[in-house]
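For reference, the chains in residue letters:
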Amino acid sequence: MTLRTLNDLASACGALLEGDGALEIRGPAGLRDARPDEVSFCASARFRPDFERTRAGAVLVPRDMAVARKDLALLRCENPSRAFTAIVRLFAPPRPAAPRGVHPSAVVDASAELGADVSIGPLCHVGPLARIGARTILRAHVAIGEGASVGTDCELHPGVVLYDRVQVGARCIVHAGAVLGADGHGFEPRPEGWVKIPQCGTVLVEDDVEIGANATIDRARFGATKIGRGSKLDNLVHIGHNVIVGEGSMILAQVGISGSTRLGRGVVLGGHTGVAGHIDLGDGVRAGGMSAVIGNWPAGSEIWGYPAREHKETLRAMAHAARAEELSKRVRELERRLEERESHR
Amino acid sequence: MTLRTLNDLASACGALLEGDGALEIRGPAGLRDARPDEVSFCASARFRPDFERTRAGAVLVPRDMAVARKDLALLRCENPSRAFTAIVRLFAPPRPAAPRGVHPSAVVDASAELGADVSIGPLCHVGPLARIGARTILRAHVAIGEGASVGTDCELHPGVVLYDRVQVGARCIVHAGAVLGADGHGFEPRPEGWVKIPQCGTVLVEDDVEIGANATIDRARFGATKIGRGSKLDNLVHIGHNVIVGEGSMILAQVGISGSTRLGRGVVLGGHTGVAGHIDLGDGVRAGGMSAVIGNWPAGSEIWGYPAREHKETLRAMAHAARAEELSKRVRELERRLEERESHR
Amino acid sequence: MTLRTLNDLASACGALLEGDGALEIRGPAGLRDARPDEVSFCASARFRPDFERTRAGAVLVPRDMAVARKDLALLRCENPSRAFTAIVRLFAPPRPAAPRGVHPSAVVDASAELGADVSIGPLCHVGPLARIGARTILRAHVAIGEGASVGTDCELHPGVVLYDRVQVGARCIVHAGAVLGADGHGFEPRPEGWVKIPQCGTVLVEDDVEIGANATIDRARFGATKIGRGSKLDNLVHIGHNVIVGEGSMILAQVGISGSTRLGRGVVLGGHTGVAGHIDLGDGVRAGGMSAVIGNWPAGSEIWGYPAREHKETLRAMAHAARAEELSKRVRELERRLEERESHR
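Conventions adopted
- Residues numbered from 1 in each chain as written.
- Chains lettered and ligands numbered in written order.
- Predicted model: local features only at pLDDT ≥ 70, side-chain atom pairs only at ≥ 80, totals over all residues.
- Helix = DSSP H or I, 4+ residues; strand = E, 2+ residues; numbered from the N terminus.
- Rg over C-alpha atoms; globule rule 2.2 N^0.38 Å.
- Buried ≥ 20, exposed ≤ 12 C-beta atoms within 10 Å, placed from the backbone.
- Contact = placed C-beta atoms within 7 Å.
- Least-squares fit on C-alpha atoms with pLDDT ≥ 70 in both.
- Nonpolar A, V, L, I, M, F, W, Y, C, P; charged D, E, K, R; others polar.
- Pairing = 2+ DSSP bridges.
- Axes fitted to C-alpha atoms, helices over the stretch in contact; angles between N-to-C directions.
- Expected span 1.5 Å × (residues − 1).
- Parallel < 35°, antiparallel > 145°, perpendicular 65-115°, else oblique.
- Left-handed = near helix turned anticlockwise from the far one by under 90°.
- pLDDT = per-residue confidence, 0-100.

**Some remarks on the overall build of chain A**
So, step 1. Secondary structure assignment for chain A yields five helices and 40 strands.
So, step 2. Scaling as 2.2 N^0.38, a compact globule of 345 residues should have a C-alpha radius of gyration of about 20 Å, whereas chain A reaches 27 Å, well beyond that.
So, step 3. By residue count, 56% of the 345 residues in chain A fall in the buried class.
So, step 4. For chain A, contacts bridging at least 24 residues in sequence account for 21% of all contacts bridging at least 6.

So this is what it looks like as structure tokens:
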């Protein structure tokens, strides 16, 4: 363990220190867990109650936050969350090494092209005609299919699978167990049963994409399933065949997108959301977690619910549904009163 | 890239050509993306708006579809979607080769039985007493447990895991990362905590089944979890212990089926649907996406919702719920009017 | 196949036999599937209809259950489900062997520490400075990252991935394809797009935990994502970064828990449930399947729904919603009657 002084921390993250600069800190922690030799951060007013109770020795806070407590040091900065990243880095152990070259246990086809300074990890398989860009790292057990390609400066974690012809751009991170290019789920009903529709397309992942652990992105029936530049997909996400995800989209864990659906740029889908096939979500559409998205939505829509509607509309409908019991009582009362009047007619 | 003339295409899919048979086409594409040297298809009236705007050079259309546009060639056929499959195949690169025999990096136990012309890929492990049927292909990193068996003419993609004793029939396709035969989730609550209930059964996958990437099918507590002949499971599907899936069922992505539930033949479950344990779904039950299925349903039921009810009933209930606000206003108005009358009594 | 007499079975599970002790049984089966040479069990009144129709030769039943059928043998016992486990074990084939030592195809870094009697399976990779506890079994294709550690008496199934520094306690079972320690999904929105927030923490799995196939547990931004002692996670579960799962919790298949959420002890989450980030669920909270949990819940709460509310409240709200159509009719009727009266004023 490395100890760092508060002075070190303040200079690492460009914060203004209020407190003892010589105090030694052993690492970062959340407000609720931090001990007196740890540093934490208070990103916004939401975490104020935790701030008031924290036992941390020092806390990163916004420049203008009023603080009554005198028992802890403050590191005042523009953006505590961002500044905390610098602190976290300061204490973080280095990333595991990725030795240049091909590990002797890896199986690399003679026809594969390896860029400069690649690291092909233990027990990987790189198929015929595959291409791996310069400085890209394949950790253990990665499988690269025939004719697939990975750009420069990527990292593919253990057990990642790229089927044949799948293309991944530069600076992508693919987490363990993710599968790119399995057949799309296409079958035709015939008297003799489901007949497989060949899935002859591929998957195209643009630059700067991150894909979560055990996510699956299916190959297209024809053409390509596309993940736009800079998009970030979380764990266990499913992307159906011929889907297009626009640039800079954010797809949270366990979301599923059915075939041929198109997302614009900067779409954000909350965890566990399901999106029907053959629909369009415009630029910047945001869906809350566990939404069932079954129709088209124009750019900028904020939606949620089952099925998904305008976020505000879903909230209002839920509020009314919550009053259904009361409404039912009022109707019964109306009936009673009216009946009484009618009987006195 | 191979170019094909429209005459080639028409004969490949048995279509009647209206247009210039010498026009050269570079490949298939969707109506919305196709360029003048690409061919597309219009499967049904649903896609008519895209058809009217497409820039494709040629489009497969139903025999009797009325078309005003004169600027594109038509390929008239019985079933455009099916015919398009023939076109897609025409342009598709060949499947990756699967060299016969055992790759030198694979580890195959001496007691395993390998059928004629199998292809055991790089870095696979085939355990003791396992059996692999004739012509079956294991891609890289497949793990076949002790005493497990795979039928003839199957393809298991990279990273597939079969636990011990799991049985897979003939002509099955198992996509990358799928896990067959992990322990069912069975625990008994005791004062000292959750005590594991041994999962001593297995998994039995019948012929002609396809299983999606990273799907999981748990082994039975006793007997077998069964996937009926010709069923098609999509990515990230979860099948609990002792579940029985009837023949020809279609289970879309991210569906979960809890333990001991039985599905009849030809059941269709939409994506993200959850099915409770110990229930029965009759032949041909169809559940819409994201349904929460918590009770038995007789053969032929069409269900949807949270919880799942008859599809029509869910739609009606949603329509009424959407009018709850209006209803509330009407009740308030009734109260006002009645009060007015009562005050004038 | 081994045959066992009913006398054998009765003594194996401590049951009182009513029937022919010499009858030979070939194995266990469910009530609905059992044949005359098989034994089944009737755990509770819920399964009475199946009991009345079963063709099993013998059935384990509660001590005091009244039985009219004379055509099958009874094994009376305190807890038929638990006793059945003893029967299942009697017939179960032995677990696959796990030969001591390191398989010659495995790649184990020279700096890794292996405990006594470990079994490192074929084609595994154990990285630098990793530690594997005594008697722990790694099946095929397991990847242990740099500095990661696994306690004693664990079993890691094929394709499990531990990223660097992840710690797993003693007596844990991790099923195939599970990924522990992938980066948490943390990105900061900036004008140039999503900027990755480094995930410098780790994952800490305590003793006696079981983790399902293809589950994912993300590493913390700082500190550790923690899975408490004795917790059982099912297949395809997602645990976000910095989540804390209390001891003895039960997380069913396809549940997703977003970042920084804390679960108390003994929390039970039904399948497909989604839990929002930064919330607290107290000890013993139980959520029904497919719940959308978006707020804090105190210890002992029983919740369900979309969004999750008290279980009873959700049921009541659903009952009222189901009557919305009827209510609407009653309001129309009231309006008609009142109008009639007003017109007669």
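**Things to note about the relation of the copies chain B and chain A**
So, step 1. Laying chain B over chain A is done by rotating through 120° and shifting 0.0 Å along the axis; what remains is an RMSD of 0.1 Å. Taken together, the rotation angle and the small translation identify this as a three-fold axis.

**Examining unusual backbone geometry**
So, step 1. Here the bond from Y306(A) into P307(A) is cis, since omega is -5°, no more than 30 degrees from zero.
So, step 2. Inspection of the secondary structure assignment puts P307(A) in the loop between β39 (302–305) and β40 (308–310).
So, step 3. A positive phi is found at M290(B), a non-glycine position, where the angle reads about 65°.
So, step 4. Mapping M290(B) onto the fold places it in the loop between β37 (286–287) and β38 (292–293).
So, step 5. Overall, M290(B) belongs to the buried group, with 31 C-beta atoms counted inside 10 Å.
So, step 6. Of note in this structure, H272(C) is not a glycine but carries a positive phi near 70°.
So, step 7. Note on placement: H272(C) falls in the loop between β34 (268–269) and β35 (274–275).

**Observations concerning the interface of chain C and chain A**
So, step 1. Contacts between the two partners involve 53 residues from chain C, matched on the other side by 50 residues from chain A.
So, step 2. Elements that contribute at least two residues to the side of chain C that touches chain A include exactly β21 (179–182), β22 (187–190), β23 (193–196), β26 (216–218), α4 (311–322) and α5 (324–343) of chain C.
So, step 3. When residues in the side of chain C that touches chain A are grouped by element, the largest group, seven residues, is from α5(C).
So, step 4. Broken down by class, the residue content of the side of chain C that touches chain A amounts to 23 nonpolar, 19 polar and eleven charged.

**Topic: the sheet that holds strand β6 (residues 58–62) of chain B**
Sheets are built from strands paired through backbone hydrogen bonds, the pairs being either parallel or antiparallel.
All names here are of chain B.
So, step 1. Spatially, five strands are ordered β2-β7-β6-β5-β4 in an open sheet, and the strand pairing comes out mixed. Two strands in the sheet have a free side with no partner beyond their single neighbour: β2 (16–18) and β4 (27–28).
So, step 2. Both β6 and strand β7 (residues 73–77) contribute to a ladder of five bridges, which runs parallel. Note that in β7 the partner of V61 across the bridge is R76.
So, step 3. Contacting β2, β5 (38–41), β6 and β7, helix α1 (residues 6–13) crosses the sheet at an angle of about 10° to β7.

**Here we look at the pairing of strand β22 (residues 187–190) of chain B**
So, step 1. Alignment of β22(B) against strand β23 (residues 193–196) of chain B, held across four bridges, turns out to be antiparallel. By the bridge assignment for β23(B), E188(B) is matched with V195(B).

**Remarks on the interface of chain B and chain A**
So, step 1. Each partner contributes to the interface: chain B provides 50 residues, whereas chain A provides 53 residues.
So, step 2. Elements with a minimum of two residues in the side of chain B that touches chain A: α3 (80–91), α4 (311–322) and α5 (324–343) of chain B.
So, step 3. When residues of the side of chain B that touches chain A are assigned to their parent elements, the largest contribution, eight residues, is made by α5(B).

**Describing the pairing of strand β5 (residues 38–41) of chain C**
Residue and element names in this part refer to chain C.
So, step 1. A two-sided burial pattern is seen for β5, the buried positions comprising E38 and S40 on one face and V39 and F41 on the other.
So, step 2. Note that strand β4 (residues 27–28) and β5 share two bridges and pair parallel. For G27, the partnering residue across the bridge sits in β5 and is E38.
So, step 3. Note: β5 against strand β6 (residues 58–62), three bridges, orientation parallel.

**Considerations on α3(B)**
Residue and element names in this part refer to chain B.
So, step 1. Compared with the 16 Å implied by 1.5 Å per residue over twelve residues, the 17 Å span of α3 between its first and last C-alpha is a close match.
So, step 2. Looking only at α3, the buried set comprises P80, A83, F84, T85, I87, V88 and F91.
So, step 3. On the buried face of α3, the contacting elements are α1, β4, β5, β6 and β7.

**A word on the packing of helix α5 (residues 324–343) of chain A against α5(C)**
So, step 1. Viewed as axis vectors pointing N to C, α5(A) and α5(C) meet at an angle of 30°, and their least axial separation amounts to 10 Å. In this view, α5(A) runs roughly parallel relative to α5(C), as classed from their interaxial angle. Here the hand of the crossing between α5(A) and α5(C) comes out left-handed. Taking contact as the criterion, the partners of A324(A), L327(A), S328(A), V331(A), L334(A), E335(A) and L338(A) in α5(A) are, on α5(C), A324(C), L327(C), R330(C), V331(C), L334(C), R337(C) and L338(C).
So, step 2. For the contact of α5(A) with α5(C), the residue count by class is ten nonpolar, one polar and three charged.

**Observations concerning the packing of α4(B) against α5(C)**
So, step 1. Relative to each other, α4(B) and α5(C) sit at 50°, their axes nearing to 9 Å. Put simply, α4(B) runs oblique to α5(C). Crossing geometry of α4(B) relative to α5(C) is assigned as left-handed. Contacts from R316(B), A317(B), H320(B) and A321(B) of α4(B) reach α5(C) at A324(C), E325(C) and S328(C).

**Describing the confidence of the model for chain A**
So, step 1. Confidence along chain A averages 95 in pLDDT terms, with 99% of residues attaining 70 or more.
So, step 2. For this predicted complex, the interface confidence score (ipTM) comes to 0.95, while the overall pTM stands at 0.96.

**A closer look at the environment of V108(B)**
So, step 1. For V108(B), the location among the structural elements is in strand β9 (residues 107–108).
So, step 2. Setting aside anything within four residues of it in sequence, one finds V108(B) in contact with V102(B), I120(B) and V126(B).

**A short note on the environment of A317(A)**
So, step 1. With respect to the secondary-structure elements, A317(A) resides in helix α4 (residues 311–322).
So, step 2. Its 19 C-beta neighbours within 10 Å are what place A317(A) among the partly exposed residues.
So, step 3. Those residues in contact with A317(A) that lie beyond four places of it in its chain are A321(B), A322(B) and A324(B).

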